Amino acid sequence: MLFFLLGILIASCGISKLRKDVKLENLPAPPGTTELAPNVYFDKTEATNFHWHEYLYWTKRHFGADSKEYLEMIPDTTVWIKLDSIYRQQEDFYFSHPAYRDYPVVGISYQQAVNFCKWRSDRVMEYMLIRYGVIEWNIDAPADSVFTIEKYFRGEYYGVQPNPHFMFYPHYSLPDSMTYLQAVFFADSLNAKNAHSCRKKHCNGKKSFERICLENRPEREIYPYSQDPDCRKDIISHLNGNVRELTDLEGTFFGASFIDSCSVRDHVLRTDSDFVNSYTGFRAKCEYRKW
């Protein structure tokens, strides 16, 4: 499922302009998230290769293939061979092959993840304003005229003045430690509630964040795995195992990854100087803020 639902933007342009205030409690859950607490939303999955390809496509389209903006966002695919020679094939195929489109994007720096969250905030806000008929969709906007939240609220986006009935905007960011603790508690409760239907769909265990260890082996699964998409709509996937996840503090990570032993403690924050690798990914939290 796409994070941003860009394919339906054209159909949304005909909606009439807002005539009354949009209240915080009436705003929908931002795309790709589930609500942990009032106005605290959390991604159901890690950011995937496909999500990152969307990001690269958009950046290339508006800034160009030789631009600094585009080149600086390309993942480091050499992280696989740096891990072990058995992953040589992953270096060539993991990010580019369609078979891995729903797998976590890796080889991403902290700053790249932060930039992605900002871009995602802008694109979701742009979609919401188009949906409400406040702005028109400009698919070919030049680099100096692309939509940003700041430009809109300052009246600098094609001269459009902010609609006084819609003053909230989505703010995606890397989660802090408290949000991860909320997510663990939420996932534990929700996954238990949905455990029966999820098992029938052949998902990875009773709890989606539970580590999947190979029989009689101390390691986690040798490759990252992708979850049955039918189960993603009900649960938070892969809070442990798969990849460890970046937090809002650079160099601090949550959880364990597919290379860690099952003896590694779950649901803890750890620090590490090596954060651009094949076993670290990220997801985002989101909250609506008022301008």
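Anything mentioned here points back to the structure above.
So, how was this worked out
Residues numbered from 1 in each chain as written. Predicted model: local features only at pLDDT ≥ 70, side-chain atom pairs only at ≥ 80, totals over all residues. Heavy atoms only, no water. Helix = DSSP H or I, 4+ residues; strand = E, 2+ residues; numbered from the N terminus. Contact = heavy atoms within 4.5 Å. Pairing = 2+ DSSP bridges. Salt bridge = Lys/Arg side-chain N within 4 Å of Asp/Glu carboxyl O. Buried < 20%, exposed > 50% of the residue type's maximum accessible area, 1.4 Å probe, protein only. Phe/Tyr/Trp six-rings, centres within 6.5 Å; stacked < 30°, edge-to-face > 60°.

K.L.:
I'd like a description of the environment of Val106, backed by residues and values.
P.N.:
Of note, Val106 is situated in the loop between α5 (88-93) and α6 (110-131). Once the C-alpha coordinates of Val106 and Thr77 are considered, the two residues, 29 residues apart in sequence, prove to be 8.0 Å apart. Leaving out residues up to four positions away in the same chain, Val106 has contacts with Pro75, Trp80, Tyr94, Val243, Asn277, Ser278, Tyr279 and Thr280.

K.L.:
Summarise the pairing of strand β8 (residues 285-290); cite the residues concerned and give the values.
P.N.:
As paired strands, strand β2 (residues 40-43) and β8 are joined by 2 bridges and run antiparallel to one another. By the bridge assignment, Phe42 is partnered in β8 with Lys285. Taken together, the 6 bridges between strand β3 (residues 168-173) and β8 define a ladder with antiparallel strand orientation. In the sheet register, His171 faces β8, and the bridge partner there is Glu287.

K.L.:
Give me the pattern of salt bridges: which residues, what numbers.
P.N.:
Here the structure, examined in full by the defined rule, presents 11 salt bridges. Here Glu150 makes a salt bridge to Lys118, at a shortest N to O gap of 3.2 Å. A residue pair is termed long-range when its members are at least 10 positions apart, and Glu150 in helix α7 (residues 149-153) and Lys118 in helix α6 qualify at 32 residues. Residues Arg283 and Glu245 are paired through a salt bridge, measuring 2.8 Å at the closest nitrogen-oxygen approach. Taken together, the residues Arg283 in the loop between β7 (280-281) and β8 and Glu245 in strand β4 (residues 244-246) connect sequence positions 38 residues apart. This pair shows no difference in class: Arg283 is buried, exactly as Glu245 is.

K.L.:
Account for the pairing of β2, naming residues and giving values.
P.N.:
Across 4 bridges, the pairing between strand β1 (residues 33-37) and β2 is antiparallel. Bridge assignment links Glu35 to a residue of β2, and that residue is Tyr41. If you look at the hairpin formed by β1 and β2, you'll find 2 residues sitting between the two strands, and Asn39 has a positive phi there, around 60 degrees.

K.L.:
Give a description of the packing of aromatic side chains that names residues and reports values.
P.N.:
Scanning all chains against the criterion turns up 27 aromatic pairs. Their ring planes at 45 degrees and their centres at 5.3 Å tell us that Tyr94 and Tyr100 sit as a pair that is tilted. Owing to a relative accessible area of 2%, Tyr94 belongs among the buried residues under this scheme. The interplanar angle of 50 degrees and the centroid separation of 5.2 Å between the aromatic rings of Tyr132 and Phe166 together place this pair among those described as tilted.

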